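# Understanding the architecture of this molecule
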Amino acid sequence: MNDVLTAEVLRNALVVAAEEASIVVVRSAYSTFIVEGSDASAAVLDARGRLIAHSMATTLMNSMALKVALPELVRDVPLEVMRPGDVYVLNDAYRGGVHTNDLLVYRPVFVGDRPAYFAATMIHVSDLGGLSAGGMAPLATDIFLEGLQLPPVRLATSAGLEPAVEAILRANSRTPDKVMGDVRALVAGTAVAAARVGALVAEYGAAGLASGIDDYLDYTEARTRAALADLPEGRFEASYPIDDDGISPEKSHDVRVAITLERHSSGGGRIEPEASATGAEGETQAPEIRTDGAPQVPATVGVESQETRAVVDVGPPEMRAVVDFAGTGAQVPAAINASASQSLAAAVFAVRCFLDPTIPMNDGCLRAIEVRLPEGSLLNARSPYPCGGRYVPIYAAMEAIFQALSDAVPERAIAPSGILQPFSIAAVGAPYWIHLSYDFGGVGARRGLDGPDATGVHFGIGRNSVPQAEPVESRCPLIVESIETIPDSGGPGRHRGGLGSRTVYRFLADCHVTTRGDRLRLAPPGRDGGLPGRVGGFFKRHLDGTVERLASKVNNVRFAAGEAFVVETTGGGGMGSPHERDREAVLADLDAGRVTERGAQEGYGLTR
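Residues numbered from 1 in each chain as written. Predicted model: local features only at pLDDT ≥ 70, side-chain atom pairs only at ≥ 80, totals over all residues. Heavy atoms only, no water.

## Things to note about the overall build of the protein
Summing up its helical and strand segments, the protein has 12 helices and 22 strands in all. Across the 608 residues in the protein, those meeting the buried criterion constitute 60%. Of all intrachain contacts in the protein linking residues separated by at least 6 positions in sequence, the fraction that spans at least 24 positions is 74%. Of the roughly 21700 Å² of accessible surface on the protein, 51% is carried by carbon and sulfur atoms. (Helix = DSSP H or I, 4+ residues; strand = E, 2+ residues; numbered from the N terminus. Buried < 20%, exposed > 50% of the residue type's maximum accessible area, 1.4 Å probe, protein only. Contact = heavy atoms within 4.5 Å. Areas by Shrake-Rupley, 256 points an atom, 1.4 Å probe, with all protein chains shown as cover.)

What follows is the structure, given as structure tokens:
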């Protein structure tokens, strides 16, 4: 396995195994958002819980959940009781999951008589109960209002789906047939990935494959540390606000981060827990979550006891990034908290944005990036605090890291961005139809470049796209009247922020609309003298043509047939003084309709 060509073939074979699984899920699923938006993820892991490969278009938030949740599965269902053909499922946000609608499905891959690897798939199924159809529940005050919770349970055997689990899923869904179609797609995807991994075991031998994987992860770690070594050592701090929690519309919440780029003793950053906190009834308490290649406590991937620890120093110092969210706001009884796996994904993604983009994403990368998530914070919620609104805090976490690292590496700086604005549209009663979607905000300007329009800085989207108008119209009683970018929405600057977008849905039947937006009150600021982006919003256009602005987080607002729902996304912040922008660039924006005459005059002082 030392041959470079063989190693590269193996690496791609592992990625392809996961990618093929995700494609199978997309092509087999029933939910519109999966079929038309390609919202599916797959990964290959080993029995130690290491992320080996994930599908090329997989969202990092999903693959990190698949990684963090696997030890939870193994804790409840030991490897020795698993059998070929078994498939398992969970969605517990406090045990590595995301939120109730995201099902994590695992199939063990046996080498001899014991599981050595796992094929895993994950999608947001159409509906599993909760306050609103589609799993949004933006006004949930506890996890129980967000939908059905599943601990690790066996979903299927070689004989097929477990009837009892199917009955539970059906009984808790407004769209039971679609959910079970999605579940079967998830199971089928794991079967494909498992077969591909089994073929690799046969081709390379159990020892050869294991050795090749170890080499691949070590290679990734080495490249990650080398890329970190190109960044300046030091401590860099930043924070980013959340508009509101939906319950108290005028109260903002802050996510804070301190990033330390430092050399430390090698040995994979291993920190061995000596003790862990114990609750009154003897339960092990979940400590601060971290990832740095540490030996694993059985309950969680990469955890460190807050009480005692012993550092093992081996070899010369190596570069690492320590991402510490101490000072972040406490969890709240509102849907703006995130589970640890999601916050971990946001942090890793944001750091990787400042590194070589060709570095693979696997467990080797995680050894060089230590993430500290205070328990009971917005970024590491505990039961019963809701986690469905995870996009809100983790995008704030991501933005805080962007700004901290922009201070560290000004030549790679980026201004804050508009983000995705999720929403759902659903029937007011049975038979249910559901359209779950989001629109993207404009990206902040970057050093030397304008921000891209209406794409959002996103780690959670992977291959996903906003579904095309025609398939949505064929599946739901609505018409997509228009989709356009919004002139003047990008923050003025020497480099302009990306534009937000406007989409108008006109309804042919009564329906409920649910929204979960942010950066709709507090605009993404500019950087280095740039100006903020224009805030977007959600709007209701009444039959008489009047337009009403909705709150950013609303649940089941009723629309009548003929009324329209308008989604406007927020533009990105500008970078540098607008007065330093090249005149020809402003004129080109005028000609392209990106700015108006008024916008050119007020933002750039240009008239013609």
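## Here's the deal with the sheet that holds strand 15 (residues 434-439)
Sheet architecture is open: 4 strands sit in the order 15-14-18-21, paired in antiparallel fashion. Two strands in the sheet have a free side with no partner beyond their single neighbour: strand 15 and strand 21 (553-559). Strand-to-strand twist of the sheet, defined as the mean angle between neighbouring strand axes without regard to direction, takes the value 15°. One ladder, built from 6 bridges, connects strand 14 (residues 421-427) with strand 15; its direction is antiparallel. Across the sheet, residue Pro-422 finds its bridge partner in strand 15, namely Tyr-438. (Pairing = 2+ DSSP bridges. Axes fitted to C-alpha atoms, helices over the stretch in contact; angles between N-to-C directions.)

## Quick look at the confidence of the model for the protein
Scored by pLDDT, the protein has a mean of 89; 89% of the residues are at 70 or more. Note that residues 267-288 has pLDDT below 50 and, in this model, 60 contacts with residues that lie over four places away or in other chains. Counted against residues more than four places away or in other chains, residues 291-314, with its pLDDT under 50, gives 81 contacts. (pLDDT = per-residue confidence, 0-100.)

## What about the sheet that holds strand 3 (residues 87-90)?
As summarised here, the arrangement of the 7 strands in space is 2-1-5-4-3-6-7, forming an open sheet in which the pairing is antiparallel. Taken across any chain shown, the strands that pair with only one partner, and hence form the sheet edges, are strand 2 (51-54) and strand 7 (160-161). Sheet topology note: the strand 3/strand 4 (residues 102-111) ladder contains 3 bridges and is antiparallel. Its bridge partner being in strand 4, Leu-90 is matched across the sheet by Leu-104.

## Looking at the environment of Pro-384
Among the secondary structure elements, Pro-384 is positioned in the loop between strand 13 (369-372) and helix 9 (391-408). Given a relative accessible area of 35%, Pro-384 falls into the partly exposed group. Residues Pro-384 and Pro-333 lie 51 residues apart in sequence; the distance between their C-alpha atoms is 8.4 Å. The contact partners of Pro-384, leaving out residues within four places of it in the chain, are Tyr-94, Asp-142, Ile-143 and Phe-144.

## Quick look at helix 12 (residues 597-604)
Because an α-helix completes one turn every 3.6 residues, residues spaced three or four positions apart along the sequence face the same direction. Of all the residues in helix 12, the buried ones are Gly-599, Ala-600, Gly-603 and Tyr-604. In an axial view of helix 12, the angular spread of the buried residues amounts to 100°, which keeps them on one side of the axis. Turned more than 90 degrees off the buried face of helix 12, the exposed positions are Arg-598 and Glu-602. Where helix 12 is buried, its residues meet helix 11 (583-592). Backbone geometry just downstream of helix 12 places Gly-605 in the positive-phi region, at approximately 70°. (Arc of directions from axis to C-beta.)

## Examining the pattern of salt bridges
In total, this model carries 48 salt bridges according to the counting rule given. Across the salt bridge formed by Glu-399 and Arg-519, the nearest N and O atoms sit 2.7 Å from each other. With Glu-399 in helix 9 and Arg-519 in the loop between strand 18 (511-516) and strand 19 (537-541), this pair connects stretches of sequence that are 120 residues apart. For the pair Glu-399 and Arg-519, one class covers both residues: buried. (Salt bridge = Lys/Arg side-chain N within 4 Å of Asp/Glu carboxyl O.)

## Topic: the pairing of strand 15
Burial within strand 15 is extensive, with 6 of its 6 residues counted as buried. Burial along strand 15 is two-sided: Ile-434, Leu-436 and Tyr-438 facing one way and His-435, Ser-437 and Asp-439 facing the other are all buried.

## Let's talk about helix 11
Of all the residues in helix 11, the buried ones are Val-586, Leu-587, Asp-589 and Leu-590. Down the axis of helix 11, the buried set is contained in an arc of 155°. They therefore lie on one face. Exposed positions of helix 11 whose direction lies more than 90 degrees from the buried face are Glu-584 and Asp-591. Contact partners of the buried residues in helix 11: helix 12. Here helix 11 starts with a cap whose side-chain oxygen sits 3.0 Å from the backbone nitrogen of Glu-584, and that cap is Asp-582. Positioned one or two residues after helix 11, Gly-593 has a phi angle of 80°, which is positive. (Polar contact = N/O pair within 3.5 Å; in protein donor to acceptor, adjacent residues only side chain to side chain.)

## A look at the pairing of strand 14
Most of strand 14 sits out of view: 7 of its 7 residues are buried. Connecting strand 14 to the antiparallel partner strand 15 that follows it, the hairpin turn spans 6 residues. Note that strand 14 and strand 18 share 5 bridges and pair antiparallel. The residue of strand 18 that forms the bridge with Ser-424 is Thr-514.

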